[in-house]
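Listed here are the chains, written in short residue letters.
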Amino acid sequence: MGEETTGLKGATVLLNALQQEGVDVIFGYPGGVVLPLYDALVDSPIRHVLARHEQGVVYAADGYARVSGKVGVCLATSGPGATNLVTGIANAYSDSIPLVVLTGQVPTTLLGSDSFQEADIIGITMPITKHSYLVKDARELPRIVKEAFYLASTGRPGPVLIDIPKDVLAQENVEPFVAEMKLKGYKVFGRGNNGKIEEVAKALSESRKPVLYAGGGVVTANAEGILRHLSDKTNLPVVTTLMGLGSLPAGHPNLLGMVGMHGTVTANYAVDDCDLLIAVGVRFDDRVTSGMGHRFATKAKVIHIDIDPVEISKVVKTHIRIVGDAREILEEVLDSLPGFTVPQLSDWWSQLRAWQNEHTLGYDMDRLTPQMVIKCLGELAGGEAIITTDVGQHQMWAAQYYPTAHPRNYATSCGLGAMGYGLPAAVGAQIARTDDKVFLITGDGSLQMSIQELGTIAQNKLPIKIILLNNGVLGMVRQWQKMFYSERYSQILLQGNPDFVKVAEAYGIRGIHVDSTEQVRSAITEAINHPGPVLLDFAISPEEAVLPLVPPGNVITEMIVR
Amino acid sequence: MLHTLAVLVENHPGVLIRVAGLFTRRGYNIDSLTVCQTEDPELSRMTIVVAGDDQVIEQVRNQLSKLVVVHSVTDLTEESVVDRELALVRIQVSSETRSEVFQTVDVFRGRVVDMGRNDITVELTGTIKKLDAFVHAIQPYGLLELVRTGKIAILRSET
Ligand SMILES: Cc1ncc(C[n+]2csc(CCOP(=O)(O)OP(=O)(O)O)c2C)c(N)n1
């Protein structure tokens, strides 16, 4: 009966289509309506990594995507499984991370009837996905999967959701349609226009105080190499956003550091004072501009290079706009430079160096400080290691003090600022780059939002090292209450915290307490040398502050420095 | 200022909400929106009237163009176009006002499409201005109910 048919099950068609796109790992969590898919997975070469919560599933796929440059794939069942993905989808959308999100859906016959475990996930996620599909017929899966990967990874990347009813997964004898894409309305911009490129080269050659402002778009476009060339060739100073960390390797003399709320004094002064701001792959986030686009870089001619036309002139008025791929455009700019004179920047650099000498990032050496821990980690692990972080003070200390060498070595939740991101992101990162060292820098608040993913680490024997900066409080919130709410502390104490070393040990993970400066170096060394996962629990004071800080309502030159 | 955008979109479920969602997200108000299938059954055309300064309209246009289901966005505001709106208006009439109401309807080239004992329903097409003027003229007699489709517009042929 039916022996001769060449048709496959819907679920197998889906897995084959994923393989066609080069997928070798899916982060997922099973449930009723995706049972046909989990059944088909048994016979598939695709690896499935079981997380402990769907939020972990999507963050892991996100971490995987950030450090590998590939599309991350995650999978959840319908209803609660799908809605548990929402924060992670929003996170990927905020930071333009390419994801293909597969959700199971109730059978088509039950759609829209408020049936068991039904949620309108397409409706729920419409504002936080680049595009989404509801699959009505398994024969369409090859086309939809192909389109989804193309959409997720091209132009401005982002999450694409495919919602698949159970009967479509279970559909028998599927003869797939030809997988031809039908994306008539979708445009991708590549190269810039020659006239505009010349304008950039001219503006650069005429400027006396230029600054290059690099964001996540540099990472997406793999433009760090060309950016470095350009900076070396013209002596152009570079500031980065949090998303753009590593665009120029830490320690490069032209790097002024991060710009914005917790940026370096020099980076903020430079942006404020520059006469030419070349913004590449940035969106003038309010954590950079203080939400004051009209008072940002007011003396500068602004050049904005971005793949997404919507970003240009959205916040800051742009004088030269170039829509396209950051790498291609910077290459074109570099190519057109010989026709122009290289700018004379010696005065500018002596000003910048003077600021740098006056305002170095500093911290106390006589007690166990978070800055010291991260600095030491940087020395021992080097910029080649991968860092993931959660959200809070530790995230900013990590950005300020860890010497990131490459953009794909730093995965953190920037636009959404989602606590709980770091641990599962480390899982995804370690799975993507098996041979690299992965460190999670986290806080005791954030870690507890995803602590169950220690199980995923244990199950997959991932040698992730967890640097827990344990201050017993929601540190960043406490800092704001201290500085801007007259020390009226409200709901920041994490009483009832577990002994994190024991928690780690309960999962079979090595745990080490560190409570004095003398132990810092040896503990980190021990963790690095240990072949498996390790949790280092650093006891730090709740009084530690992230500085510099641009208070809300101030322009970026009005910083609290100490 | 009011802008009229002609938006060509794919003709399948969920497209309208994707488009409308853009407006809610940024808090832009849609003045009117009409949509129907075009000469190509795979495409629908939306005519969207939205208020805003140049910067707002540019954001709206760019955001719309970014949607995968949107094929093209054209701002017809500065163009030479033929534009129409259809209204159905139910008006109160009495023996004293009947002839005046009919005269007014005539002046505006409306058509009476339904008639009751104390009211009539009039169909009227024209520019927004003309419809507004009619509504204004008829108000004193008793405007019972009004439905308007919103504007549709098409480029004038080049002469
Ligand atoms: C999911 C989520 N909820 C709430 C917040 C608001 N928030 C930002 S930082 C922070 C405190 C973080 O505390 P912890 O993880 O202990 O890090 P620390 O600041 O102490 O380094 C909170 C609650 C957030 N960013 N994400």
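Residues numbered from 1 in each chain as written. Chains lettered and ligands numbered in written order. Predicted model: local features only at pLDDT ≥ 70, side-chain atom pairs only at ≥ 80, totals over all residues. Heavy atoms only, no water.

*Asks:* Give me the lowdown on the interface of chain A and chain B, citing residues and values where you can.
*Replies:* Each partner contributes to the interface: chain A provides 19 residues, whereas chain B provides 17 residues. Here chain A meets chain B over a buried area of about 1,500 Å², counting both sides, of which 50% is carbon and sulfur. Broken down residue by residue, the surface that chain A buries against chain B is led by M126(A), K184(A) and V310(A), which jointly contribute 33%. Where chain A touches chain B, the interface holds three salt bridges. Residue K66(B) pairs with D308(A) through a salt bridge whose shortest N-O separation is 2.7 Å. If you look at where chain A meets chain B, you find six residue pairs in polar contact (both at pLDDT 80 or more). (Contact = heavy atoms within 4.5 Å. Buried area = accessible area lost by both parts, 1.4 Å probe. Salt bridge = Lys/Arg side-chain N within 4 Å of Asp/Glu carboxyl O. Polar contact = N/O pair within 3.5 Å; in protein donor to acceptor, adjacent residues only side chain to side chain.)

*Asks:* Help me get a handle on the environment of P140(B), residues and values and all.
*Replies:* Position of P140(B) relative to the elements: it lies in the loop between α4 (128–138) and β8 (143–148). Sequence separation between P140(B) and V101(B) is 39 residues; the distance between their C-alpha atoms is 9.9 Å. (Helix = DSSP H or I, 4+ residues; strand = E, 2+ residues; numbered from the N terminus.)

*Asks:* Now, about the nonpolar core: what can you tell me, with residues and values included?
*Replies:* With 47 residues, the main nonpolar core has F27(A), L99(A), L447(A), L454(A), I457(A), I464(A) and I466(A) as its most contacted residues. Core analysis: the second largest hydrophobic core is formed by 39 residues, V33(A), A40(A), L141(A) and V145(A) among them. (Core = buried A, V, L, I, M, F, W, Y, C linked by side-chain atoms within 4.5 Å. Buried < 20%, exposed > 50% of the residue type's maximum accessible area, 1.4 Å probe, protein only.)

*Asks:* A description of a nonpolar patch on the surface should follow, citing residues and the corresponding values.
*Replies:* Together, Y150(A), M181(A) and V188(A) line one region of the surface with nonpolar side chains, adding up to about 230 Å² of accessible area. With respect to the element layout, M181(A) can be found in the loop between α8 (166–170) and α9 (194–206). (Patch = residues over 30% accessible without salt bridge, like charges linked within 9 Å, V, L, I, M, F, W, Y side chains within 5 Å. Areas by Shrake-Rupley, 256 points an atom, 1.4 Å probe, with all protein chains shown as cover.)

*Asks:* Pulling in residues and values, what's your account of the packing of aromatic side chains?
*Replies:* Residue and element names in this part refer to chain A. Following the criterion strictly, the structure yields 11 aromatic pairs over all chains and no others. Note on W348 and W355: the rings are 6.2 Å apart at their centroids and 85° apart in plane angle, and the pair reads as edge-to-face. For W348, a relative accessible area of 2% gives the class buried. When its relative accessible area of 13% is taken as the criterion, W355 is described as buried. (Phe/Tyr/Trp six-rings, centres within 6.5 Å; stacked < 30°, edge-to-face > 60°.)

*Asks:* Break down the site of the ligand for me, citing the residues and quoting the values.
*Replies:* Residue and element names in this part refer to chain A. Lining the immediate surroundings of the ligand are 17 residues, of which Q393, G417, G445, S446 and G475 lie closest. Here an oxygen atom of the ligand and a backbone polar atom of G445 are 2.8 Å apart. Between V473 and the ligand, the recorded distance is 3.2 Å, taken from a backbone N or O atom to an oxygen atom. If the ligand stood free it would expose 590 Å²; the protein chains cover 76% of that surface. At the level of secondary structure, the elements contributing two or more residues to the shell around the ligand comprise α17 (393–401), α19 (444–447) and α21 (475–484). For the shell around the ligand, the class distribution of residues is seven nonpolar, nine polar and one charged. (Near = heavy atom within 4 Å. Nonpolar A, V, L, I, M, F, W, Y, C, P; charged D, E, K, R; others polar.)

*Asks:* With reference to specific residues and values, describe the pattern of salt bridges.
*Replies:* Taken as a whole, this structure holds 31 salt bridges over all chains when the rule is applied. E543(A) is the partner of R478(A) in a salt bridge, and the nearest nitrogen-oxygen pair spans 2.8 Å. Placement of the pair is R478(A) in helix α21 and E543(A) in the segment after β18 (534–539), with a sequence separation of 65 residues. Note on R478(A): relative accessible area 9%, which makes it buried. The residue R148(B) makes a salt bridge to D132(B) at a minimum N-O spacing of 2.7 Å. Of the two residues, R148(B) sits in strand β8 while D132(B) sits in helix α4, which places them 16 residues apart along the sequence.

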